[in-house]
Amino acid sequence: MQSAESWRSILENWPEVIPKSGIVVTTYQESIPFQNFLLSTGVVLFERDKPDSLGARKVMLSYEAICAIKLTDTMELARYQVMGFQPSM
C-alpha cells in the first residue's frame, strides 16, 4: 500500500515544467506509453497518443498496479529536483 500512496503523491504533485509523458510499467508486466493523465481517488486515467493493438487510447489503472514510470524526455537530471529528488551526498 505504501507504494501506491507514493505513486499517487508523485502524480498529484507533478510539476508543470515536467512533461506529462512517458511509459508506465504495470504489475501485470505491461508497458503503457502515455502523453497525459488524469487522477481520481484510486485510479489514474492514462492517455495514449496511439491506440494499442485492441484500439484503446486510454487506460484506467489503480495506483497499486503501477510498478514504475519511465520518463522519455531528455531534460537534465537536476530538473527533477522539483519533484523531490535530491543528489546523493
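Before reading further, recall that the structure is shown in the block above.
For clarity, every value in this text was computed on a predicted model and none was experimentally measured. (Residues numbered from 1 in each chain as written. Predicted model: local features only at pLDDT ≥ 70, side-chain atom pairs only at ≥ 80, totals over all residues. Heavy atoms only, no water.)

### Points about the pattern of salt bridges
For step 1, the next point in the chain: This structure, assessed with the given rule, holds four salt bridges.
For step 2, the next point in the chain: One salt bridge in this structure joins Arg 48 and Asp 52, with 3.6 Å as the shortest N-O distance.
For step 3, the next point in the chain: Arg 48 sits in the buried class, given a relative accessible area of 9%.
For step 4, the next point in the chain: The network of salt bridges with common partners includes Glu 30, Arg 48 and Asp 52. (Salt bridge = Lys/Arg side-chain N within 4 Å of Asp/Glu carboxyl O. Buried < 20%, exposed > 50% of the residue type's maximum accessible area, 1.4 Å probe, protein only.)

### Examining the sheet that holds strand S5 (residues 58–62)
For step 1, the next point in the chain: Strand order in this open sheet of three strands is S3-S4-S5, and the pairing throughout is antiparallel. Each of the sheet's edge strands pairs with one partner strand only, and the pair in question is strand S3 (36–39) and S5. For this sheet, the mean inter-axis angle between neighbouring strands, taken without regard to orientation, is 25°.
For step 2, the next point in the chain: When S3 meets strand S4 (residues 43–47), the two strands line up antiparallel, connected through four bridges. Among the inter-strand pairings, Phe 37 is bridged to a residue of S4, identified as Phe 46. (Pairing = 2+ DSSP bridges. Helix = DSSP H or I, 4+ residues; strand = E, 2+ residues; numbered from the N terminus. Axes fitted to C-alpha atoms, helices over the stretch in contact; angles between N-to-C directions.)

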